Amino acid sequence: MNRRETKRWMARIPPCPMDLEGENIIMFSLQRWDTHFTCIHGTALRLAQRNRVLFMEPPESCGRLLFEPAARRSVRHVFRRLETFGDALGIYHTPPLFLPLQARSELILRSVNATYRWMIRDGLRRMRMAMDSTIFWIYQFNLVGVVEALNPRLTIYECPEEAAEFTTKPRLRRYVQDMDAALCRRADLVIVPNPVLYETRKAIAREIHMLPWAAD
C-alpha cells in the first residue's frame, strides 16, 4: 500500500474495542507495507488506533531486488527509512541489502540479526519509544535471536502458516522448523489460526491460543 492507500484504510476501519491500550508495539511483518492489503496490515492499523505501532518490514536479502518489485521500491527509503502517519504508526522500510544464505551459515545469520537489531533500535529512537516498555508482535519465524538480544517486555508470536512447507530442500526445511520451534518456546504467547498449527506447537509453547481467521 502506498501512502494514499494507507490513509484511506486508516479512515475506513471503524474504531475497535480492545484491552490493549497505550502500549508501544513493534510489529515484525512477513511482508513489506507496500504490497496488497492483508490481515497483517489490518492488525497493525487496528492496534495503532489505541497504541503506538512501529511496523518493521522483514530483513530481506539483496537477491530480492532481482524479482520483487516491492523490494526494489524500498530502495527509495535508504536514507529516509521511517515513514510516519501521525504519532501512532511508523513504517520502517528495511533496505533489501542483507546477506543471503542465512540458513547455511551461522556467521551470516548473526550478521543479519545484528544489522536488523540496529534498524530496530533506529526505528525506536525515531519513534521515541523505549525498548524496556515495548511489546514485540512477530510474524517472522526466525527472530528468536533478536528477541533474546533485545529482551522486550512481552513477546507475541503469531504463526500464520507452516513456513517449512514452502520448501523442499531438507536443510532449509530443518532450519525453518528449528527457528520456529525456538521462537515458540521463547515467546510469552503464541497465536495460530488453525487446529493443525495448534497441535504441532501446544507442547512447546508457554501459552498458545487458536484464533481462526475470518472475513474482515
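Each value, and the rule that gives it
Residues numbered from 1 in each chain as written. Predicted model: local features only at pLDDT ≥ 70, side-chain atom pairs only at ≥ 80, totals over all residues. Heavy atoms only, no water. Helix = DSSP H or I, 4+ residues; strand = E, 2+ residues; numbered from the N terminus. Buried < 20%, exposed > 50% of the residue type's maximum accessible area, 1.4 Å probe, protein only. Contact = heavy atoms within 4.5 Å. Polar contact = N/O pair within 3.5 Å; in protein donor to acceptor, adjacent residues only side chain to side chain. Phe/Tyr/Trp six-rings, centres within 6.5 Å; stacked < 30°, edge-to-face > 60°. Salt bridge = Lys/Arg side-chain N within 4 Å of Asp/Glu carboxyl O.

Draft legend 1. The arrangement of unusual backbone geometry in detail. A positive phi angle is found at Arg128, which is not glycine, with a value near 60 degrees. Within the fold, Arg128 resides in the loop between helix 4 (106-127) and strand 5 (134-138).

Draft legend 2. Inspection of the environment of Glu57 at higher detail. Residue position: Glu57 is located in the loop between strand 2 (52-56) and helix 3 (69-74). Given a relative accessible area of 1%, Glu57 falls into the buried group. Between the C-alpha atoms of Glu57 and Trp33, which are 24 residues apart in sequence, the distance is 6.9 Å. Leaving out residues up to four positions away in the same chain, Glu57 has contacts with Gln31, Arg32, Trp33, Asp34, Ile91, Tyr92, His93, Thr94, Tyr116 and Gln140. Separated by 3.1 Å, the side chains of Glu57 and His93 make a polar contact.

Draft legend 3. Quick look at the environment of Lys202. Assignment of secondary structure puts Lys202 in the loop between helix 7 (195-201) and strand 8 (208-210). Residue Lys202 is classed as partly exposed on the basis of its relative accessible area of 42%. Through-space distance from the C-alpha of Lys202 to that of Arg174 is 19 Å; in sequence the pair is 28 residues apart. Within the structure, Lys202 has its side chain in polar contact with the side chain of Glu199 (distance 3.0 Å).

Draft legend 4. Representation of the packing of aromatic side chains within the structure. Applying the stated criterion across every chain yields a total of five aromatic pairs. On the numbers, 4.7 Å between centres and 80 degrees between planes, the contact of Trp33 with Phe55 is edge-to-face. With Trp33 in the loop between strand 1 (24-28) and helix 2 (39-47) and Phe55 in strand 2, this pair connects stretches of sequence that are 22 residues apart. For Trp33, a relative accessible area of 1% corresponds to the buried category. Exposure remark for Phe55: the relative accessible area of 0% places this residue in the buried category. With 6.4 Å between their ring centres and 80 degrees between their planes, Phe141 and Tyr175 make a pair best called edge-to-face.

Draft legend 5. A look at the side chain of Gln31. Tracing the backbone through its elements, the reader meets Gln31 in the loop between strand 1 and helix 2. Judged by its relative accessible area of 17%, Gln31 falls in the buried class. One polar contact links Gln31 to His41, side chain to side chain, over a distance of 3.1 Å. Leaving out residues up to four positions away in the same chain, Gln31 has contacts with His36, Thr38, Ile40, His41, Phe55, Glu57 and Pro58.

Draft legend 6. Looking closely at the pattern of salt bridges. If you walk through the whole model with that rule in mind, you get twelve salt bridges. As a salt-bridge pair, Glu21 and Arg50 come within 3.8 Å of each other at their nearest N and O atoms. Here Glu21, found in the loop between helix 1 (3-12) and strand 1, pairs with Arg50, found in the loop between helix 2 and strand 2; they are 29 residues apart in sequence, far enough to count as distant. Using a relative accessible area of 48% as the deciding quantity, one classes Glu21 as partly exposed. Judged by its relative accessible area of 34%, Arg50 falls in the partly exposed class. Among the ionic pairs, Glu23 bridges to Arg153, the shortest N-O distance being 2.3 Å. Separated by 130 residues along the polypeptide, Glu23 in the loop between helix 1 and strand 1 and Arg153 in the loop between helix 5 (144-150) and strand 6 (154-158) bring together distant segments of the chain.

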